[in-house]
Amino acid sequence: VSSAAANAEIIAVGSELLTPGKIDTNSLYLTGELNNLGVEVVRKMVVGDDRARLVQSIRDAAAQSQFVILSGGLGPTEDDLTRDAVAEALGRPLLFNQDICDWLEARFRSFGRKMAEVNKRQAYVVEGAEILHNDRGTAPGQWLAENGHILMLLPGPPRELKSMFGTLCLDRLRALLPPLAIRTRFYRVAGIGESDLDQIIAPIYTKYANPVTTILSTSGDIQIHLRARCSTEVEAEALLADLGGQVEAALGDRIYSNNGDPMEKVIGGLLRDQKASLSVAESLTGGMLGMRITSVARASDYFRGGFLTYTDEMKITQLGVPREVLETRTAVSEPVATAMAAGARSRTGSTYALSLTGSAGPGGEDDGHVWIGLATPDGVEARELRFPAGDRDRVRLFATNTALNLLRRKLCAL
Ligand code: ATP
């Protein structure tokens, strides 16, 4: 099998995977493992318990891809069709294997049960197949070579499939593939939208087929994954340094992490290094900011605590926001955001304090309007954000990310 074009198809078998209640997750695991070997998954199929369709799908996949992995349909019942379909697709007979039958019988005996006659179906093996022992269930797997193509028949239950693939298939696959070094780099970026970011870096990364660049975006937080595959680690690192260097130069201080660390961890490191402390005052986000900050181990080194002040009255009594300001300017306003941050800072004695107030919606007049306050030893500042109304979760997550980025920029003196 040549490395450049090594590709695979996955066929998940089972009618229940075609219902709204069940999703094929085995192929996600398999894809990750195959990618690590340098094998690309070029197609996935989910096929119900329908013999003719399954035979056709197997023929199709085996004609086009070097590796075909089938998951499921190896059970003992009539609707477990994978063995029969593979045999038919390849035009090979199914042969009864006494060893498997004995093993199955012994397995049932060890649980104090007698093996049912139907279980003998599981002792049939496609002619020429190697048997893959199942250490977590009854369905043995099979490994088949056909005209330079490899087919793997694996059981459906994820824990059985993972164990079998991990212990029995990975080494066999590695032996067929040239050695491959994979190196990855994982940047995280804040303070820029996904399309603006893509406009900046697409002219750079589209010049490279290797490393492969993947961009993932969630409300106010963008991840850039670079993945280099070469025959040696040195070559892979050199490719990453080349492309990574250009990405870093283009994005500058909008990159807050070059090792995948989340914003709250980066901020925690900065606060700890600067021997500074932080507190929060939250209205809009109801504790999300505090939750993010405290999700990092040893956050108590720098995090003092927070105020969850949802009503005007709480903002007044807990943070000292002036009543007149709330009455004349409403809770979603610059002076309220700054008074909340200043109040949190003075009442906890922290070096910095972040506040969040806003209207997440939906259903209100001022939906999507957010103010962030930041109190520092040099004074208090505020930032206004406006989002399209309607998506409550998105507004709150975006506001949290933006607040954390505001603090990061302050801590880095940007
Ligand atoms: P068994 O001997 O347990 O019957 P099998 O190989 O016949 O094994 P299936 O009957 O197809 O496997 O599936 C068994 C269970 O495994 C299913 O009920 C389902 O929960 C899970 N499963 C099957 N296929 C998948 C898949 N692709 N992704 C996630 N779970 C799966």
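In what follows, the structure referred to is the one given above.
Residues numbered from 1 in each chain as written. Predicted model: local features only at pLDDT ≥ 70, side-chain atom pairs only at ≥ 80, totals over all residues. Heavy atoms only, no water.

Colleague: Would you take a moment to explain the overall build of the chain for this structure?
Modeller: Secondary structure summary: the chain contains 13 helices and 17 strands in total. Here the C-alpha atoms of the chain give a radius of gyration of 29 Å, more than 25% beyond the 22 Å that 2.2 N^0.38 yields for 414 residues. Dimensions of the chain, computed from the C-alpha atoms along their principal axes, are close to 85 × 50 × 40 Å. Counting over 414 residues, the chain shows a buried share of 50%. Considering only contacts within the chain whose residues lie at least 6 apart along the sequence, 67% involve residues at least 24 apart. Within the chain, one finds 45 positive and 51 negative side-chain charges whose respective centroids are separated by 4 Å. (Helix = DSSP H or I, 4+ residues; strand = E, 2+ residues; numbered from the N terminus. Rg over C-alpha atoms; globule rule 2.2 N^0.38 Å. Buried < 20%, exposed > 50% of the residue type's maximum accessible area, 1.4 Å probe, protein only. Contact = heavy atoms within 4.5 Å. Lys, Arg positive; Asp, Glu negative; His and termini not counted. Charge placed at Lys NZ, Arg CZ, Asp CG, Glu CD.)

Colleague: Which parts of the structure should I look at to understand the sheet that holds strand 1 (residues 7-13)?
Modeller: Pairing between sheet strands relies on hydrogen bonds along the backbone, with the strands arranged either parallel or antiparallel. Strand order in the open sheet made by the six strands is 2-1-3-8-7-6, with mixed pairing throughout. Of all the strands in the sheet, just strand 2 (40-47) and strand 6 (130-132) have a single pairing partner and so form its edges. Going across the sheet, the axis of each strand differs from the next one's by a mean of 20°, ignoring polarity. Against the sheet, helix 1 (residues 26-36) touches strand 1, strand 2, strand 3 (67-71) and strand 8 (149-154), its axis set at about 165° to strand 2. Sheet strands touched by helix 3 (residues 82-90): strand 1, strand 3, strand 7 (141-146) and strand 8. Its angle to strand 8, the strand with the most contacts, is close to 165°. (Pairing = 2+ DSSP bridges. Axes fitted to C-alpha atoms, helices over the stretch in contact; angles between N-to-C directions.)

Colleague: Just to check I follow, could you spell out helix 5 (residues 158-176) for this structure?
Modeller: The periodicity of an α-helix, 3.6 residues per turn, causes residues three or four places apart in sequence to face the same way. Its axis deflected by about 45° at Cys169, helix 5 carries its strongest bend there. For helix 5, the set of buried residues is Glu160, Leu161, Ser163, Met164, Phe165, Cys169, Leu170 and Leu173. In this fold, the buried residues of helix 5 make contact with helix 1, strand 3, strand 6, strand 7 and strand 8. (Bend = angle between axes of the 7 residues up to and from the residue.)

Colleague: It is not clear to me how unusual backbone geometry should be interpreted in this structure. Could you clarify?
Modeller: Excluding glycine, a negative phi dihedral is what most residues carry, and trans is how most peptide bonds are arranged. The omega torsion of the bond from Asn210 to Pro211 falls at 0°, within 30 degrees of zero and hence cis. Checked against the element boundaries, Pro211 lands in the loop between helix 6 (194-205) and strand 10 (212-218). The amide bond that connects Gly361 to the next residue, Pro362, takes the cis arrangement and shows omega of -5°.

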